[in-house]
Amino acid sequence: MPVKRANKTPMPERPAGIRSHDFREVNEGYSLAHAAFEAERCLRCQDPVCIEGCPVGIPIPDFIHAVAAGDLPGAARQLREANPLPAICGRVCPQESQCEMLCHMVKRFRPVAIGHLERYVADWERMETPLPEPRTPTRAEKIAVIGAGPAGLVCAGELARLGYAVTVYEALHAPGGVLRYGIPEFRLPKEILDWEIEVLRRLGVEIVCNVIIGKTLTLDALFDDYGFAAVFVGTGAGLPAFLGIPGENLNGVFSANEFLTRINLMRAYDFPAADTPLKVGRRVAVIGAGNTAMDAIRSAMRMGAEEALIVYRRSEKEMSARVEEYHHAIEEGVQFNWLTNPIEILGDKEGWVTGLKCQRMRLGEPDASGRARPVPIEGSEFVLPVDNVVLAIGTTPNPLLIKTASGLETTRRGCLVAEETTGQTSRRRIYAGGDAVTGAATVILAAGAGKRAARAIHADLSGEH
Ligand SMILES: Cc1cc2nc3c(=O)[nH]c(=O)nc-3n(C[C@H](O)[C@H](O)[C@H](O)COP(=O)(O)OP(=O)(O)OC[C@H]3O[C@@H](n4cnc5c(N)ncnc54)[C@H](O)[C@@H]3O)c2cc1C
Ligand code: SF4
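Residues numbered from 1 in each chain as written. Chains lettered and ligands numbered in written order. Predicted model: local features only at pLDDT ≥ 70, side-chain atom pairs only at ≥ 80, totals over all residues.

Some words on the overall build of the protein
Definition in use: Under the DSSP-based scheme used, a helix requires at least four consecutive residues in state H or I and a strand at least two consecutive residues in state E, with every element numbered from the N terminus. With the radius of gyration taken over C-alpha atoms, the globule rule is written as 2.2 Å times the number of residues to the power 0.38. Burial in this document is a count-based property: other C-beta atoms within 10 Å of a residue's C-beta are tallied, and the residue is buried at 20 or more, exposed at 12 or fewer, or partly exposed in between, with C-beta positions derived from the backbone. Throughout, a pair of residues is in contact if the C-beta atoms placed from their backbones lie within 7 Å.
Secondary structure summary: the protein contains 18 helices and 16 strands in total. Against the 2.2 N^0.38 benchmark of 23 Å for 465 residues, the protein shows a C-alpha radius of gyration of 23 Å, consistent with a compact globule. Here the C-alpha coordinates of the protein stretch approximately 65 × 65 × 50 Å along the principal axes. Counting every position in the protein, which comprises 465 residues, the buried fraction comes to 46%. For the protein, long-range pairs separated by at least 24 residues make up 71% of all intrachain contacts whose partners lie at least 6 apart in sequence.

Here is the structure:
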């Protein structure tokens, strides 16, 4: 067997000092030469454990082998059959804790860059192959999908491919869910999302925006008045959590959800070409250390903040952000305040934020989540002078839909109860998946749940249950 190179082929990226001032994509993508070079590193193992780490079971060595052999159409076909959103997942999946973590190369070297190769193949497909010819449904049954995030979009696409007439109802004015309003342009350019949505439209999926199920229409009306045969609920977990500390109502305090929605969906970064401005101060603190926190702080820098601070009550080890986002944030100049717990937001007489009072922490025994519990250090309080505070400490499902529909069982945390393999909820012909069921998770888990539910709905309507 030829000797394999130890290191991944690096992803070309724009210099930190330049990219941190604009919203253009940070990673530039592999060239064909990079992709072929990296694909050669794969060992084509007898036991490709990498596949076990992929929530949708992409045939990883096969698609990588197709890249190495120069068969990009074959690679694209294999990828898309397993993962309906490869260009998106190639950019945002936490590969280091999934496929790449299990790759056999890790025993001695760095893993194969599976995510970078996925992105390369999916981008080639988008740029080099025509959009599908428009199709019309071949089956009589209509299916409604609530929520146009990855779970809903993937479910809709799979059902349309099976011949169903599918209507997606989305509360916001544009489809995409977190992919549209949460993850910024510099990580996921919206032209990629728009292309995926155009593919769905050509498959016959109808997307109706500005409709809140539970307010504009009820879930029951979808069956009784609109004649849908089944419903998939993919409404996500978009309700932000707050800390409950003094000062949270001051001007200049945002939930990360609102902050990112104003920047991404309302395109505040493009003001005055877009209608909605967003005033970002000179010093911004983001509380939390997940992907949402990294997106919020890096967006704040791009909106003009000169000092960008992450405040997190645990340590670097417990941080949940993707490794790549963390490294990019460090390169761009974000400062990390580990083991720091915010206890009060301070303001001036006019009600604007002036500072964040914090307390130093140390790590104690593990808590219920298995992570070391942060314990306050007496007398360690101090103030960080800041102009904005952005809270990125988690989200839960919005209760609106559930409150207005009877018979849907939920967990104590407000998540819908649904069977893991089918998405079947406690109500017949109502299926669910994605963050609405799991709580805040990942794009690929939501996409996988949408795909499984589509198959279960098809089996149900075909009388296979
Ligand atoms: C800022 C941020 C960064 C993230 N970064 C990553 C990352 O790098 N990698 C990763 O894998 N994951 C990431 N995630 C998590 C990931 O985006 C989510 O797990 C995923 O989007 C969940 O998909 P979903 O379809 O279940 O829900 P969502 O994407 O939340 O979509 C739900 C949709 O339903 C709509 N909706 C809600 N209620 C109703 C209603 N009553 N009627 C009609 N429509 C409704 C919402 O408007 C929304 O469009 C990130 C999340 C955030 C917030
Ligand atoms: S484990 Fe790594 S080296 Fe082996 S087949 Fe998968 S990607 Fe290739």
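Comments concerning the site of ligand 1
The cut-off we apply is this: Whether a residue is near a molecule or strand depends on its C-beta atom, generated from backbone atoms, being within 6 Å of that molecule or strand. Basically, the charged four are Asp, Glu, Lys and Arg, the nonpolar ten are Ala, Val, Leu, Ile, Met, Phe, Trp, Tyr, Cys and Pro, and anything else, Gly included, counts as polar. Domains are outlined according to an automatic or database domain assignment.
Taken together, 41 residues are adjacent to ligand 1, and Gly147, Gly149, Gly177, Gly236 and Gly434 come closest. Only α9 (150–161), α14 (291–302), α16 (400–403), α17 (435–438) and α18 (443–461) provide two or more residues apiece to the shell around ligand 1. Of the residues in the shell around ligand 1, the class split is 22 nonpolar, 15 polar and four charged. In terms of domain composition, the shell around ligand 1 takes at least three residues from each of domain 2 (142–238 + 396–461) and domain 3 (242–393).

Here we look at the nonpolar core
Under the convention used in this document: For this entry, the nonpolar core is defined as buried Ala, Val, Leu, Ile, Met, Phe, Trp, Tyr and Cys residues connected by C-beta atoms within 7 Å.
Counting 126 residues, the largest nonpolar core has Val284, Val286, Ile297, Ala300 and Val390 as its most contacted members. In terms of residues, this core owes the most to one element, α18, which gives nine residues. When near neighbours in sequence (up to four residues on either side) are disregarded, Ala300 contacts Val280, Val284, Val286, Ala305, Ala308 and Val390.

A word on the sheet that holds strand β9 (residues 335–337)
Rule in force here: Only when DSSP finds a minimum of two bridges between them are two strands counted as paired. As a rule, the C-alpha atoms of each element are fitted with a line to give its axis, helices using only the stretch in contact, and angles between N-to-C directions run from 0 to 180 degrees.
Read from one edge of the open sheet, five strands run β6-β14-β7-β8-β9, paired in parallel fashion. Since the sheet does not close on itself, it has two edges, and those belong to β6 (253–255) and β9, each with one partner. If you compare each strand with its neighbour and ignore which way they point, the axes differ by 20° on average. For strand β7 (residues 283–287) and strand β8 (residues 307–311), the ladder comprises five bridges, and the chain directions are parallel. Residue pairing for β8: Val284 is matched across the bridge by Ala308. Helix-sheet contacts for helix α13 (residues 256–264) involve β6 and β14 (388–391), and the interaxial angle to β6 is about 85°.

Looking at the site of ligand 2
Close to ligand 2 lie 14 residues, the nearest being Cys42, Cys45, Cys50, Pro61 and Cys103. Listing elements by their share of the shell around ligand 2, those giving two or more residues are α3 (49–52) and α4 (60–68). For the shell around ligand 2, a count of residues per class yields twelve nonpolar, one polar and one charged.

Focus: the packing of helix α2 (residues 32–39) against α4
Put simply, the rule reads: Geometric relationships in this document are graded by angle, where less than 35 degrees denotes roughly parallel, more than 145 denotes roughly antiparallel, 65 to 115 denotes roughly perpendicular, and other angles denote oblique. A clockwise turn of the near helix away from the far one marks a right-handed crossing, whereas an anticlockwise turn of less than a right angle marks a left-handed crossing.
Running from N to C, α2 and α4 point in directions that differ by 125°, and their axes come no closer than 8 Å. Considering the angle they form, α2 stands oblique to α4. The crossing of α2 and α4 is left-handed. Residues Ala35, Ala36 and Ala39 of α2 touch α4, and the partners they reach there are Ile64, Val67 and Ala68. In terms of residue class, the contact of α2 with α4 is built from six nonpolar, no polar and no charged.

Observations concerning the domain arrangement of the protein
Along its sequence, the protein is carved into domain 1 (16–128), domain 2 (142–238 + 396–461) and domain 3 (242–393). A straight line from the C-alpha centre of domain 1 to that of domain 3 covers 32 Å. Contacts between the two partners involve eight residues from domain 1 and, on the opposite side, nine residues from domain 3.

Looking at the environment of Glu381
Tracing the backbone shows Glu381 in the loop between β12 (372–376) and β13 (382–385). Since 14 C-beta atoms lie within 10 Å of it, Glu381 is described here as partly exposed. Each C-alpha atom of the pair Glu381 and Gln359 lies 4.3 Å from the other, and the pair is 22 residues apart in sequence. Contacts of Glu381, omitting those with residues within four sequence positions, involve Lys357 and Gln359.

A few points about the sheet that holds strand β16 (residues 430–432)
Spatially, the five strands line up as an open sheet ordered β3-β2-β1-β4-β16, and their pairing is parallel. A single partner strand is all that each edge strand has here, and the edge strands are β3 (206–208) and β16. Each strand of the sheet is rotated relative to its neighbour by a mean of 20°, with strand direction disregarded. Strand direction decides the pairing type here: strand β1 (residues 142–146) and strand β2 (residues 165–169), joined by five bridges, are parallel. What sits directly across from Lys142, in β2, is Ala165.

Observations concerning helix α5 (residues 72–82)
Selection rule: This arc is taken over the directions from the axis of the helix to the C-beta atoms.
What α5 keeps buried is the set Ala75, Ala76, Gln78 and Leu79. Down the axis of α5, the buried set is contained in an arc of 165°. They therefore lie on one face. The inward-facing, buried residues of α5 contact α4, α6 (86–92) and α8 (114–128).

Brief notes about the packing of α14 against helix α15 (residues 323–332)
Interaxial distance between α14 and α15 falls to 10 Å at its minimum, and their mutual angle equals 25°. Taken as axis vectors, α14 and α15 run roughly parallel relative to one another. The handedness of the crossing between α14 and α15 comes out as left-handed. Across the interface between the two elements, Asn291, Met294, Ile297, Arg298 and Met301 of α14 pack against Glu325, Tyr326, Ala329 and Glu332 of α15. Split into classes, the residues belonging to the contact of α14 with α15 amount to five nonpolar, one polar and three charged.

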